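Below are the chains, spelled out letter by letter.
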Amino acid sequence: MSFQKAQDLLKLAHIAASRFHGITVKEIATEFSVNERTAQRMVFALKELYPSLKHTTDSERRRRWTLRETNRLGMQGIFEHELAALEMAIRRAEREGAPSEAASLQAVRDRLVAKLPTTEARRTEANAEAMLEVKGYACRPGPRVKTCPVHMSILTAALKGQFQLIMSYRGAQDAEPKKRIVEPYGLLLGTRHYLIARDPAKGDGFRRFRLDRIAKVEMTMIWFKKEKDFDLDAYAAQSFGSFHSDVEFTRVVWRFAPAAAATAREFVFHPRQEMVEQDDGGLIVAFEASGLVEMAWHLYQWGDAVEVIEPATLRDLVAGRQNDGICVLP
């Protein structure tokens, strides 16, 4: 057996042990990029190593393989690149103002390292730290607004429990913070962080509350029933960035010059974007969203390599501000 096949079997053992409903031959084929015949042979080989490998038949009459003999799996330990990936996730969460997620990841990391022998734990941690230094532990550069960790933990707890919040919040037109009782639905993390919530006193619509404008927040024990059809991803897709306005929501069409098309193809400007290749090598990008000012800020980075076709309002915003001296694309 080759080293690669041995590694694949170990990986398959972990998958079969970690998925409660098991894994099918077809899923194995997809996971390892092999045909189903090879996937079947992998199952037979795994059963020789782990006699406790069992299968059940699901509602679609497919065999789902599960492994409950997990005591020997722990012998594999944890790899430096896996520990480094956990560390990177912890640091990202900390930087992006998600302390509860950072704490949860830290707890998982500590439990994994605690199971290692002392000498191996020191070596693994040292190597993982070296990997982070080499990679610069991927981060999101640029300015961002500070977020209160205490507020974030309260918001996270309320989101999990579906409890109403009492906030002291200063809106854009408010001279002083005002008391609001809201039903939290989600968080949008970006340059500015937003709480997506419903304010029953203002109607049934969803509103965005900037976290940096929350002066005080506390969680009540008043449970509310969430709207079952609410989709945070779909809601976020209504905007180009963090800002949203129903009035601004419109079709957006940009044309990138041939010289910038290759770079533009690598971008996901919007989760529902459409890209159309042009005969001259240019690229058309179209989507629907609001947030025209944020779009204008982004387009400035492209200099005169992009043309706004729609809407006219955005075209007017960038008119005269597209610098042909910008020769380094985003």
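Keep in mind it's a predicted model, so treat the numbers as computed, not measured.

Participant: Any chance you could explain the packing of aromatic side chains here in plain terms?
Facilitator: In this description, a pair of aromatic rings is defined by centroid distance and the angle of the planes. Applying the stated rule across the entire model yields 17 aromatic pairs. Between Phe 206 and Phe 230, the aromatic rings sit 4.5 Å apart at their centres with planes inclined by 40°, giving tilted as the arrangement. Pair noted here: Phe 206 is in strand β6 (residues 206-210) and Phe 230 is in the loop between β7 (214-223) and α8 (232-236), with a separation of 24 residues, a long-range link. A relative accessible area of 18% places Phe 230 in the buried class. Among the aromatic residues, ring-to-ring pairing joins Phe 240, Trp 254, Phe 256, Phe 267, Phe 269, Phe 287 and Trp 302 into one connected group. When the ring centre of Phe 206 is taken as origin, the NZ or CZ atom of Arg 198, which lies over that ring, is 4.5 Å away. A cation over an aromatic ring shows up here: Lys 226 above the ring of Tyr 185, its NZ or CZ 5.6 Å from the ring centre.

Participant: I'm lost on the sheet that holds strand β5 (residues 194-198) in this one. Help?
Facilitator: Pairing between the strands of a sheet comes from backbone hydrogen bonds, and it takes one of two forms, parallel or antiparallel. The strand order across the open sheet built from five strands is β6-β5-β4-β3-β7, with neighbouring strands paired in antiparallel fashion. This sheet does not close on itself; its edge strands, each paired only once, are β6 and β7. The sheet shows a mean angle of 45° between the axes of neighbouring strands, direction not considered. Contacts from helix α7 (residues 149-161) reach β3 (163-169), β4 (178-188), β5 and β7 within the one sheet, and its direction differs from that of β7 by about 25°.

Participant: Any chance you could explain the nonpolar core here in plain terms?
Facilitator: Looking at soluble globular proteins, one finds that nonpolar side chains tend to be buried together. Membership of the largest hydrophobic core comes to 22 residues, with the highest contact counts inside it found for Trp 254, Phe 256, Phe 269, Phe 287, Met 295 and Leu 314. Counting only elements with at least two residues in this core, the list comes to β8 (250-256), α9 (258-265), β10 (283-289), α10 (292-300), β11 (306-310) and α11 (312-318). When residues no more than four places from it in sequence are discounted, the contact partners of Leu 314 are Val 252, Trp 254, Leu 292, Met 295, Ala 296, Leu 299 and Val 308. If you look at the next biggest cluster of nonpolar residues, it comprises 19 residues, including Ile 23, Met 42, Leu 46 and Leu 53.

Participant: Explanation requested: the layout of surface pockets in the structure shown.
Facilitator: To find leftover empty space, one rolls a probe the size of a water molecule over the atoms. Estimated volume of the largest pocket: approximately 870 Å³. The wall of the largest pocket is formed by 24 residues, among which Thr 191, Phe 240, Gly 241, Ser 242 and Glu 294 lie closest to the centre. Residue contributions to the lining of the largest pocket peak at five residues, all from α10. Its residues assigned to classes, the lining of the largest pocket shows 12 nonpolar, seven polar and five charged.

Participant: Which parts of the structure should I look at to understand the pattern of salt bridges?
Facilitator: Once their charged atoms are close, side chains differing in charge can pair, the charge on each being opposite to the other. Within this structure, the stated rule accounts for 15 salt bridges. For Arg 180, the salt bridge identified is with Asp 174, shortest N-O distance 3.5 Å. Take Arg 180 and Asp 174: they sit in the same class, and that class is buried. Measuring nitrogen to oxygen at the nearest pair gives 2.4 Å for the salt bridge that ties Arg 255 to Asp 280. Taken as a pair, Arg 255 in strand β8 and Asp 280 in the loop between β9 (274-277) and β10 lie far apart in primary sequence, 25 residues in all.

Participant: Help me understand helix α2 (residues 25-32) in this model?
Facilitator: One turn of the α-helix equals 3.6 residues, which is why residues spaced by three or four share an orientation. Of the positions making up α2, those classed as buried are Val 25, Ile 28, Ala 29 and Phe 32. All buried residues of α2 lie within an arc of 100° about the axis, which places them on one face of the element. Residues Lys 26 and Thr 30 are exposed on α2 and point more than 90 degrees away from its buried face. Ser 33 occupies a position one or two residues after α2 and carries a positive phi of about 55°.

Participant: Please explain the sheet that holds β11 as it appears in this structure.
Facilitator: Read from one edge to the other, the open sheet built from four strands follows the order β9-β10-β8-β11, with strand pairing classed as antiparallel. On the outer flanks of this sheet lie β9 and β11, each paired with one strand and no other. Between one strand axis and the next, the sheet turns by 25° as a mean value, whatever way the strands run. The pairing of β8 with β10 spans seven bridges and is classified as antiparallel. Its bridge partner being in β10, Arg 251 is matched across the sheet by Glu 288. In this fold α9 packs onto β8, β9 and β10, with an angle of close to 125° to the strand it touches most, β8. Along the sheet, α10 makes contact with β8, β10 and β11, crossing β8 at roughly 5°.

What counts, and at which threshold
- Residues numbered from 1 in each chain as written.
- Predicted model: local features only at pLDDT ≥ 70, side-chain atom pairs only at ≥ 80, totals over all residues.
- Heavy atoms only, no water.
- Phe/Tyr/Trp six-rings, centres within 6.5 Å; stacked < 30°, edge-to-face > 60°.
- Helix = DSSP H or I, 4+ residues; strand = E, 2+ residues; numbered from the N terminus.
- Buried < 20%, exposed > 50% of the residue type's maximum accessible area, 1.4 Å probe, protein only.
- Lys NZ or Arg CZ within 6 Å of the ring centre and 35° of its normal.
- Pairing = 2+ DSSP bridges.
- Axes fitted to C-alpha atoms, helices over the stretch in contact; angles between N-to-C directions.
- Contact = heavy atoms within 4.5 Å.
- Core = buried A, V, L, I, M, F, W, Y, C linked by side-chain atoms within 4.5 Å.
- 1 Å grid on protein atoms, 1.4 Å probe; cavity = no way out; pocket = protein on both sides within 12 Å on 5 of 7 lines; lining within 4 Å.
- Points joined across faces, edges and corners; volume = space filled by probe spheres on them.
- Nonpolar A, V, L, I, M, F, W, Y, C, P; charged D, E, K, R; others polar.
- Salt bridge = Lys/Arg side-chain N within 4 Å of Asp/Glu carboxyl O.
- Arc of directions from axis to C-beta.

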